[in-house]
Amino acid sequence: MSGRSADAAALLAYYREIGVDEAVADRPGSWADHVPPAPAGRVASPARPAAPARPGPPVEPAPLPADRPPAPSTATPAAPAASLGGEAAVADARRIAAAAATLADLEAAIRAFDGCPLKLTATTTVFADGHPDAPVMVIGEAPGGEEDRQGKPFVGPAGQLLDRMLAAIGLDRAHSAYITNILNWRPPGNRQPNAGEIATCLPFIERHIALKRPAVVILAGGTSAKALLNTSDGIMRLRGRWRELDVLGLAEPVPAMALFHPAYLLRQPAAKHEAWRDLLAVHKRLSQLDLVPDRHRPELPRNADA
Ligand code: URA
């Protein structure tokens, strides 16, 4: 490799390391300067007051290596629509989610939804994986790089650990587990989703739970637990105790157990001890509900405190 190529490769490796892994546009620019007129019939509806135009997400355009010529002046960053993010997008999401009568409707509606800024940088919309009639619904945070490539939730290293955790209590995607995220699009560089992105996607995951009707929900990680339990408590306080999820459209609250996120467990294997206790509590609840298939019933210690 020539010196210049090695420098460029090192620069790209550095960007990747700090999370800048999406080339959104050829040159850096202010998103606030590129808010186009609303598409006909969208925001201009007199039925809904127009929300104040909001700048787009804090995406990190990848700067050019020094030896690349500047982009032609016509290169305009992909610009957000006027109702991208913000209250108008949340209202759109609520209305669209409420209109979905089946999981297939909801999936189609989410795929067609352009109100979440993360869709601009994601490769694909990640809806769900697993058995739609499974008793257990696992809800994580957001797709990562591998999920974004494959279009399925939890298929990277954290997903492989999640599969092993579920298998330890007799659950799998083919029969007994259904897996999704609170966000359907990958945040660039796997950064934490911000409050606006979560608020925009929340109506979809709530409708998803209502249509899926799980017996038990596992909230994988603090972001999902906080968003769905509507609390600012962290995962250290939330995990390990049964909570009730009140979901619009469901007559009864759904029992929910928050667990450490598998990605956290990969970094902090010592915390697997607590995660195992929480999984045993889920297993115990499923056993009480007679929802653990015999052929999947593993040998478990008897002292699973729920
Ligand atoms: N982390 C998540 O929260 N969800 C995924 O789908 C992958 C990683």
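Remember, predicted model here, so these are calculated numbers, not experimental data.

Caption draft 1: The arrangement of the overall build of the protein chain in detail. Across its full length, the protein chain carries eleven helices and six strands. By residue count, 47% of the 306 residues in the protein chain fall in the buried class. Taking the intrachain contacts of the protein chain between residues at least 6 apart in sequence as the baseline, contacts between residues at least 24 apart amount to 74%. Of the roughly 15400 Å² of accessible surface on the protein chain, 52% is carried by carbon and sulfur atoms.

Caption draft 2: Structural view of the site of the ligand. Taken together, Gly140, Glu141, Ala142, Pro143, Gly144, Glu147, Pro153, Phe154, Asn181 and His261 are the residues near the ligand. Take alanine 142: an N or O atom from its main chain is 3.0 Å from a nitrogen atom of the ligand. Within the contact set of the ligand, an oxygen atom lies 2.7 Å away from a side-chain nitrogen or oxygen of histidine 261. Look at the ligand: alone it shows 240 Å² of surface, and the protein chains cover 92% of it. Across the shell around the ligand, the residue classes tally to four nonpolar, four polar and two charged.

Caption draft 3: Highlighting the confidence of the model for the protein chain. Taken residue by residue, the protein chain gives an average pLDDT of 82. The fraction at 70 or more is 73%. Considering only residues more than four positions removed or in separate chains, one finds that residues 31–82, a stretch of pLDDT under 50, has 66 contacts.

Caption draft 4: The arrangement of the packing of aromatic side chains in detail. Counting across every chain of the model gives two aromatic pairs. Ring plane angle 70° and centroid distance 4.9 Å describe the contact between phenylalanine 113 and phenylalanine 204, whose orientation is recorded as edge-to-face. In this pair, phenylalanine 113 sits in the loop between helix H3 (103–112) and helix H4 (118–121) while phenylalanine 204 sits in helix H7 (residues 195–212), placing the two residues 91 residues apart along the sequence. Ring centres of phenylalanine 260 and tyrosine 264 lie 5.0 Å apart, and the angle between their planes is 45°; on these two criteria the pair is classed as tilted. On the basis of relative accessibility, which here comes to 4%, the residue phenylalanine 260 falls in the buried class. The cationic tip of lysine 212 hangs over the ring face of tyrosine 178; the distance from NZ or CZ to the ring centre is 5.6 Å. When the ring centre of tryptophan 242 is taken as reference, the NZ or CZ atom of arginine 285 above it lies at 4.7 Å.

Caption draft 5: Main features of unusual backbone geometry. Non-glycine residue phenylalanine 154 carries a positive phi angle of around 50°. Structurally, phenylalanine 154 can be placed in the loop between helix H5 (145–150) and helix H6 (157–168). Taking the relative accessible area as the measure of exposure, phenylalanine 154 reaches 5% and is therefore buried. For aspartate 290, which is not a glycine, the phi torsion comes out positive at approximately 60°.

Caption draft 6: Molecular detail of the nonpolar core. Counting 66 residues, the largest nonpolar core has Ile139, Ile209, Leu219, Leu228 and Leu245 as its most contacted members. Every residue in contact with leucine 245, bar those within four places of it in the chain, is listed here: Ile209, Val217, Leu228, Leu229, Pro253, Val254 and Ala256.

Caption draft 7: Representation of the state of the cysteines. All chains considered together, the criterion is met by zero disulfides. Cysteine 116 takes part in no disulfide bond, and the closest cysteine sulfur to it belongs to cysteine 201, at a distance of 3.9 Å. You can call cysteine 116 buried: its relative accessible area is 1%. Of the residues examined, cysteine 201 reaches a relative accessible area of 0% and is grouped as buried.

Caption draft 8: A look at the sheet that holds strand E4 (residues 216–220). One open sheet holds the six strands; their spatial order is E1-E3-E2-E4-E6-E5, and the pairing between them is mixed. The strands lining the two open edges of the sheet, one partner per strand, are strand E1 (128–130) and strand E5 (242–245). Each strand of the sheet is rotated relative to its neighbour by a mean of 25°, with strand direction disregarded. Here strand E2 (residues 136–140) pairs with strand E3 (residues 177–181) via five bridges, running parallel. Looking at E3, one finds that glycine 140 is bridged to asparagine 181. Contacting E1, E2, E3, E5 and strand E6 (254–259), H7 crosses the sheet at an angle of about 170° to E2. Here helix H11 (residues 272–288) sits on the sheet in contact with E2, E4, E5 and E6, set at roughly 160° to E6.

Scoring rules and cut-offs
Residues numbered from 1 in each chain as written. Predicted model: local features only at pLDDT ≥ 70, side-chain atom pairs only at ≥ 80, totals over all residues. Heavy atoms only, no water. Helix = DSSP H or I, 4+ residues; strand = E, 2+ residues; numbered from the N terminus. Buried < 20%, exposed > 50% of the residue type's maximum accessible area, 1.4 Å probe, protein only. Contact = heavy atoms within 4.5 Å. Areas by Shrake-Rupley, 256 points an atom, 1.4 Å probe, with all protein chains shown as cover. Near = heavy atom within 4 Å. Polar contact = N/O pair within 3.5 Å; in protein donor to acceptor, adjacent residues only side chain to side chain. Nonpolar A, V, L, I, M, F, W, Y, C, P; charged D, E, K, R; others polar. pLDDT = per-residue confidence, 0-100. Phe/Tyr/Trp six-rings, centres within 6.5 Å; stacked < 30°, edge-to-face > 60°. Lys NZ or Arg CZ within 6 Å of the ring centre and 35° of its normal. Core = buried A, V, L, I, M, F, W, Y, C linked by side-chain atoms within 4.5 Å. Disulfide = S-S within 2.5 Å. Pairing = 2+ DSSP bridges. Axes fitted to C-alpha atoms, helices over the stretch in contact; angles between N-to-C directions.

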